[in-house]
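Working through the structure, step by step
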Amino acid sequence: MIPKSHPRYESLMTREKIVEGVKKGITSTQGLIAQGRGEAFDYLLGEKTTPDALHAEKVAAAMLLLAKTPVISVNGNVAALVPEEIIGLSEAVNAPLEANLFYRTEDRVNKIIKHLHSLGAKNMRTKTDALIPGIEHERAKVDSSGIFSADVVLVPLEDGDRCKALVDMGKTVIAIDLNPLSRTAQCAQVTIVDNVVRAIPNMTRFADELGRSDKDELEKLIKGFDNRKNLAKAIDDIFKHLASCK
Ligand code: ATP
């Protein structure tokens, strides 16, 4: 039991959720390594949402609201860390959830679907009747009415190859990745350099707010966004935080 007074309570609780996810068969053991890498970058960012990340979250929410067929991809880490929150976002932007795993097994996919259903997820794509071109068979499996035909895909924690394959299919890809240097971060059209545990609730809040705006306003917000600049700012944010620690 981690006491609430522990200075790194939040971070340690997040770690516990991932360990629980592995025990339940939702998260892969490789997911533990991804979590460790994420924690290291979160430390460098000061374990907070930067104003630049917050802006990317707002743009991403606008993109999901304007999309015709948006889909939210869920992997084992997301299912363990933010299951209720990702269902909330799915409802706020009216985008189905699809379990989409790098280390794919049918058993783990089914456990994630069951887990999300048990928490109230209603809008899900669960078929595996299509393949993303250009990647190895098991990792390419998707739902023809989900990720395969989506115009905008949110991929919290994706690997670089699959992110590129989705972009190559002509999709707009929004990634959440604490590492601004990862291949995923570099290839997505919108990269949110923030922890999923903070990013998803922020996006839902923005979706609720922006849902009341007109289309022109959302389009203006999206047009003004430049992911190259956004990633450069994320690297600056790390520098600034490190400089403040000296
Ligand atoms: P790529 O193939 O894109 O270069 P990678 O090989 O580094 O990525 P993985 O090892 O699969 O990718 O790690 C997943 C990525 O997710 C890492 O960049 C890590 O920083 C990030 N990450 C891990 N946990 C979180 C989290 N809770 N929130 C946001 N990002 C995270």
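As a reminder, the structure under discussion sits directly above these lines.
Cut-off values and rules
For every chain, the first residue of the written sequence is number 1, and numbering continues from 1 onward in sequence order. Whole-chain, interface and lining totals are the exception, using all residues; otherwise, since this is a predicted model, local features are given only for residues with pLDDT of at least 70 and side-chain atom pairs are given and counted only at 80 or more. Side-chain measures here rest on the full set of heavy atoms in the structure, leaving out hydrogens and waters. Labels follow the DSSP assignment, with helices taken as runs of H or I lasting at least four residues and strands as runs of E lasting at least two, numbered in each case from the N terminus. We compute the radius of gyration over the C-alpha atoms and compare it with the globule rule, which gives 2.2 Å times the number of residues raised to the power 0.38. Burial status follows relative accessibility: with a 1.4 Å probe on protein chains alone, a residue under 20% of its type maximum counts as buried, one over 50% as exposed, and anything between as partly exposed. Pairs of residues are marked as contacts when any of their non-hydrogen atoms sit within 4.5 Å. Methods summary: accessible areas were calculated by the Shrake-Rupley approach with a probe of 1.4 Å, and residue burial reflects only the protein chains presented. His is not counted, nor are the chain ends, whereas Lys and Arg count as positive and Asp and Glu as negative. The location of each charge is read from NZ of Lys, CZ of Arg, CG of Asp or CD of Glu. One heavy atom within 4 Å of a molecule or strand makes the whole residue count as near it. For the purposes of these results, a polar contact is taken to be a pair of N or O atoms within 3.5 Å, where, inside protein, one atom must be able to donate a hydrogen and its partner to accept one; residues adjacent in sequence count only when each atom of the pair is a side-chain atom. As a working rule, the residues Ala, Val, Leu, Ile, Met, Phe, Trp, Tyr, Cys and Pro are called nonpolar, Asp, Glu, Lys and Arg charged, and the rest polar, with Gly in that last group. Here, strands pair whenever DSSP counts at least two bridges between them. Fitted lines through C-alpha atoms give the axes, limited to the stretch in contact for helices. The angle between two N-to-C directions lies from 0 to 180 degrees. The rule for a salt bridge is simple: a side-chain nitrogen of Lys or Arg has to be within 4 Å of a carboxyl oxygen of Asp or Glu. Buried Ala, Val, Leu, Ile, Met, Phe, Trp, Tyr and Cys residues form a nonpolar core when they are joined through side-chain atoms within 4.5 Å. A pair of Phe, Tyr and Trp rings is counted when the ring centres sit within 6.5 Å of each other, with Trp represented by its six-membered ring. The angle between the planes then sorts it: under 30 degrees is stacked, over 60 is edge-to-face, the rest tilted. The criterion for a charge sitting over a ring is simple: Lys NZ or Arg CZ within 6 Å of the ring centre, and within 35 degrees of the ring normal.

Let us now look at the overall build of the protein. Counting secondary structure elements, the protein contains 12 helices and eight strands. Its C-alpha atoms give the protein a radius of gyration of 17 Å, near enough to 18 Å, the size a compact globule of 246 residues would have. Overall, the protein is about 55 × 45 × 35 Å in size when its C-alpha atoms are taken along their principal axes. Taken across its 246 residues, the protein has 51% of its residues classed as buried. Sequence-distant contacts, at least 24 apart, represent 67% of the contacts inside the protein between residues at least 6 apart. Accessible surface computed for the protein: about 11900 Å², of which carbon and sulfur atoms make up 55%. Side-chain charges in the protein split into 34 positive and 34 negative, and the spacing between the mean points of these groups amounts to 1 Å.

Near the ligand lie 16 residues; those nearest to it are Gly160, Asp177, Arg183, Thr184 and Asn195. Take Gly160: an N or O atom from its main chain is 2.8 Å from an oxygen atom of the ligand. With respect to the ligand, the backbone of Val196 contributes an N or O atom lying 3.0 Å from a nitrogen atom. Protein burial of the ligand: of its 640 Å² of free accessible surface, 86% is covered by the chains. For the shell around the ligand, the element with the highest residue contribution is helix H2 (residues 29-45), accounting for three residues. For the shell around the ligand, the residue count by class is five nonpolar, six polar and five charged.

This part is about the environment of Lys68. For Lys68, the position within the fold is in the loop between helix H3 (51-66) and strand E1 (71-74). For Lys68, a relative accessible area of 77% gives the class exposed. Taking C-alpha positions, Lys68 is 7.9 Å from Ala150, a pair spaced 82 residues apart along the chain.

To continue, consider the sheet that holds E1. Sheet strands pair by backbone hydrogen bonding; their relative direction is either parallel or antiparallel. Pairing within the open sheet is parallel, and its six strands lie in the order E3-E2-E1-E6-E7-E8. Where the open sheet ends on each side, the last strands, each with one partner, are strand E3 (124-125) and strand E8 (190-192). Sheet strands in contact with helix H10 (residues 196-210) are strand E6 (152-156), strand E7 (172-176) and E8, and its direction is about 130° off that of E7.

Throughout the structure, instances matching the rule amount to 18 salt bridges. A salt bridge links Glu39 to Arg15; its shortest N-O distance comes to 2.5 Å. Of this pair, Glu39 sits in helix H2 while Arg15 sits in helix H1 (residues 9-24), and the two are 24 residues apart along the sequence. Glu39 gets classed as buried once you look at its relative accessible area, which sits at 18%. In this structure, Glu158 engages Arg162 in a salt bridge whose closest nitrogen and oxygen atoms are separated by 2.8 Å.

Moving on, we get to the nonpolar core. Of all hydrophobic cores here, the largest spans 47 residues; its most connected members are Leu97, Leu116, Leu154, Ile174, Val190 and Ile192. The next biggest cluster of nonpolar side chains, apart from the first, holds 16 residues, and it includes Ala130, Ile132, Cys163 and Leu166.

Tracing the sequence through the fold places Arg108 in helix H6 (residues 106-118). Comment: no salt bridge for buried Arg108; closest opposite-charge side chain is Asp107, at 7.5 Å. A distance of 2.7 Å separates a polar atom in the side chain of Arg108 from the backbone oxygen of Tyr103. In contact with Arg108, other than residues within four places in its own chain, are Gly25, Ile26, Thr27, Ser28, Gly76, Leu101 and Tyr103.

The alternating pattern of E1 places Val71 and Ser73 and Ile72 and Val74 on opposite faces, both of which are buried. Two strands pair when backbone bridges link them, and E1 and E6 are joined in this way by two bridges, in the parallel orientation. Note on E6: the bridge partner recorded for Ile72 is Leu154. Across three bridges, E1 lies against strand E2 (residues 97-99) in parallel orientation. Residue pairing across strands places Val74 opposite Ala99, the latter belonging to E2.

On to the packing of aromatic side chains. Each aromatic ring pair is summarised here by two numbers: the centre-to-centre distance and the angle between the ring planes. Within the structure shown, the criterion is met by one aromatic pair. In this arrangement the basic side chain of Arg205 is found over the ring face of Phe206, its NZ or CZ atom lying 5.6 Å from the centre.

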